Amino acid sequence: SGSRTSWSEEKSSLTVSPNPASDQVQISFYALSAFDGRGELFNASQVKVASLEFRGESGLNFLELPVNQLPSGIYFFVLHTNNEIFREKLIIQKN
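## Details of the nonpolar core
Where a protein is soluble and globular, its nonpolar side chains tend to be buried together.
Piece 1. In this structure, I27, L41, L65, V67, F77 and L90 are the most contacted members of the largest nonpolar core, which totals 22 residues.
Piece 2. It is strand β2 (residues 24-31) that provides the largest number of residues to this core, a total of 4 residues.
Piece 3. Residue contacts for L90: discarding those within four places in its chain leaves V16, P18, N19, A21, V25, L41, V67, G73, I74 and Y75.

## Quick look at the sheet that holds strand β6 (residues 73-80)
Piece 1. The 4 strands are arranged β4-β3-β6-β7 in an open sheet whose pairing can be described as antiparallel. Each edge of the open sheet carries a strand with a single partner, namely β4 (48-56) and β7 (85-92). Going across the sheet, the axis of each strand differs from the next one's by a mean of 20°, ignoring polarity.
Piece 2. Across 6 bridges, strand β3 (residues 35-43) lies against β6 in antiparallel orientation. Paired with N43 across the two strands is Y75, which belongs to β6.

Reading guide: rules and limits
Residues numbered from 1 in each chain as written. Predicted model: local features only at pLDDT ≥ 70, side-chain atom pairs only at ≥ 80, totals over all residues. Heavy atoms only, no water. Core = buried A, V, L, I, M, F, W, Y, C linked by side-chain atoms within 4.5 Å. Buried < 20%, exposed > 50% of the residue type's maximum accessible area, 1.4 Å probe, protein only. Helix = DSSP H or I, 4+ residues; strand = E, 2+ residues; numbered from the N terminus. Contact = heavy atoms within 4.5 Å. Pairing = 2+ DSSP bridges. Axes fitted to C-alpha atoms, helices over the stretch in contact; angles between N-to-C directions.

As structure tokens, then:
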């Protein structure tokens, strides 16, 4: 499908920062059109530990996700759009 190419070639499809994180992460992504989306955070055992639903807009989008309640470890943030799924690795590191 043409939408897959345009998503992946656009700037950065999905960025999670800071990474490693300890308190809160900002998720940014670029969308070609508005959509109803869902974000999910999974731990290394593939257990969902957080989720959020949002309305994505055409252009650059920003989401905030608190991670201060989560233990240190490797996580994966999964972004669901209308017809795409993006995955980004996130490391949570507590001092």
